[in-house]
Amino acid sequence: MPHETSSTDRGASSADGTANRPAVRVLPLTPAHARGVLGVFDEGMRAGNATFETQVPTWDEWDARHSAAHRFVALDGTDGVLGWAAVASVSSRAAYAGVVELSVYVAARAHGRGVGGALVRAVVASTEAAGIWTVQSGVFRENIASLALHERHGFRVVGVRERIGRRDGVWRDVVLLERRSAVVD
Ligand SMILES: CC(C)(COP(=O)(O)OP(=O)(O)OC[C@H]1O[C@@H](n2cnc3c(N)ncnc32)[C@H](O)[C@@H]1OP(=O)(O)O)[C@@H](O)C(=O)NCCC(=O)NCCS
């Protein structure tokens, strides 16, 4: 089922020249978006609070790491990639067939405009339609924006995984969050 939604540009005002900013469109992510997707990942990765990764993957690597379904991009008025969201299976065991892990990245220039929220809503709708019952995320404890985004969209904190891995030699805590669908049974 195609998902096309618009996010409201919260915070837009004539005072900062953003009143005429076009609405963000959320569409299925395709290989045509590869460059923009990897660019947004690179930016988030370099900021240091998004992922343990320190190298940008190739498109083939990115493609292999994420499920082919439930991938979305947020596009601006000129089809530039403002953000993306995708999921990956967490286990090959049958009992966990309906459990996936979410990744969501938004370009810094578009933070705080509801883009992340629009992407999470698209993934939630798409995964629920496919019978996936739990979407989980691992978020660095310092990533206040991501924690707020997840909690806003129905994720609960399962717990904090203390010093679970090292990024650039520094042990990091990861907050495990999950959203259990109320409609998938
Ligand atoms: C985390 C991220 C995806 C959020 O995307 P976004 O488009 O800025 O988020 P939204 O504008 O949709 O905001 C979603 C909610 O989080 C809140 N929020 C966003 N940034 C926030 C911040 N810095 N501090 C507190 N709350 C914040 C918003 O107020 C909003 O809540 P509301 O609907 O109740 O107002 C974005 O900051 C990002 O891409 N960061 C770098 C990559 C990253 O960390 N990805 C997540 C890896 S786990």
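These numbers come from a predicted model, not from an experiment.

Chemist: Before we move on, could you go through the pattern of salt bridges and cite the residues and values that matter?
Modeler: Between side chains of opposite charge, a pair can form as their charged atoms come close. Summed over the entire model, instances satisfying the criterion amount to 9 salt bridges. The residue R179 makes a salt bridge to E128 at a minimum N-O spacing of 2.9 Å. Of the two residues, R179 is situated in strand 8 (residues 170-180) and E128 in helix 3 (residues 115-129); the sequence distance between them amounts to 51 residues. Accessibility classification places R179 together with E128 in one group, the buried group. Salt-bridge contacts for E142 lead to R172; the nearest nitrogen and oxygen are separated by 3.1 Å. In this pair, E142 sits in the loop between strand 6 (134-140) and helix 4 (144-152) while R172 sits in strand 8, placing the two residues 30 residues apart along the sequence. For R172, a relative accessible area of 11% translates into the label buried.

Chemist: Break down helix 3 for me, with residues and values.
Modeler: For helix 3, with 15 residues, the first-to-last C-alpha span of 21 Å sits near the 21 Å given by 1.5 Å per residue. Burial runs high along helix 3: 12 of the 15 residues are buried. Within helix 3 the residues assigned to the buried category are V115, G116, G117, A118, L119, V120, A122, V123, V124, S126, T127 and E128. Remark: G131 follows helix 3 within two positions and exhibits a positive phi of approximately 85°.

Chemist: Could you give me a rundown of helix 4, with the residues and numbers involved?
Modeler: Regarding helix 4, the residues found buried are S146, L147, L149 and H150. The arc that holds the buried residues of helix 4, viewed along the axis, is 160°, so those residues lie on one side. Structural note: helix 4 exposes I144, A145 and R152 on the side pointing more than 90 degrees away from its buried face. On its buried face, helix 4 is in contact with strand 5 (99-106), helix 3, strand 6 and strand 8. Following helix 4 by one or two positions, G154 has its phi on the positive side, about 90°.

Chemist: Give me the lowdown on the pairing of strand 8, citing residues and values where you can.
Modeler: Of the strand pairs in this sheet, strand 6 and strand 8 are connected by 7 bridges, and their pairing is antiparallel. Bridging across to strand 8, Q136 finds its partner in E178. Where strand 7 (residues 156-167) lies against strand 8, 8 bridges are found, and the strand directions are antiparallel. Each residue of the ladder has a partner; that of R156, found in strand 8, is E178. What sits between strand 7 and strand 8 in their antiparallel hairpin is a turn of 2 residues, with D168 showing a positive phi close to 50°.

Chemist: Kindly report on the site of the ligand, identifying the contributing residues and their values.
Modeler: Taken together, 21 residues lie around the ligand, and V104, V106, G116, N143 and R152 are the ones closest in. With respect to the ligand, the backbone of G112 contributes an N or O atom lying 2.8 Å from an oxygen atom. Take N143: an N or O atom from its side chain is 2.7 Å from an oxygen atom of the ligand. When isolated, the ligand has an accessible area of 930 Å², and the protein chains bury 74% of it.

Cut-offs applied
- Residues numbered from 1 in each chain as written.
- Predicted model: local features only at pLDDT ≥ 70, side-chain atom pairs only at ≥ 80, totals over all residues.
- Heavy atoms only, no water.
- Salt bridge = Lys/Arg side-chain N within 4 Å of Asp/Glu carboxyl O.
- Helix = DSSP H or I, 4+ residues; strand = E, 2+ residues; numbered from the N terminus.
- Buried < 20%, exposed > 50% of the residue type's maximum accessible area, 1.4 Å probe, protein only.
- Expected span 1.5 Å × (residues − 1).
- Arc of directions from axis to C-beta.
- Contact = heavy atoms within 4.5 Å.
- Pairing = 2+ DSSP bridges.
- Near = heavy atom within 4 Å.
- Polar contact = N/O pair within 3.5 Å; in protein donor to acceptor, adjacent residues only side chain to side chain.
- Areas by Shrake-Rupley, 256 points an atom, 1.4 Å probe, with all protein chains shown as cover.

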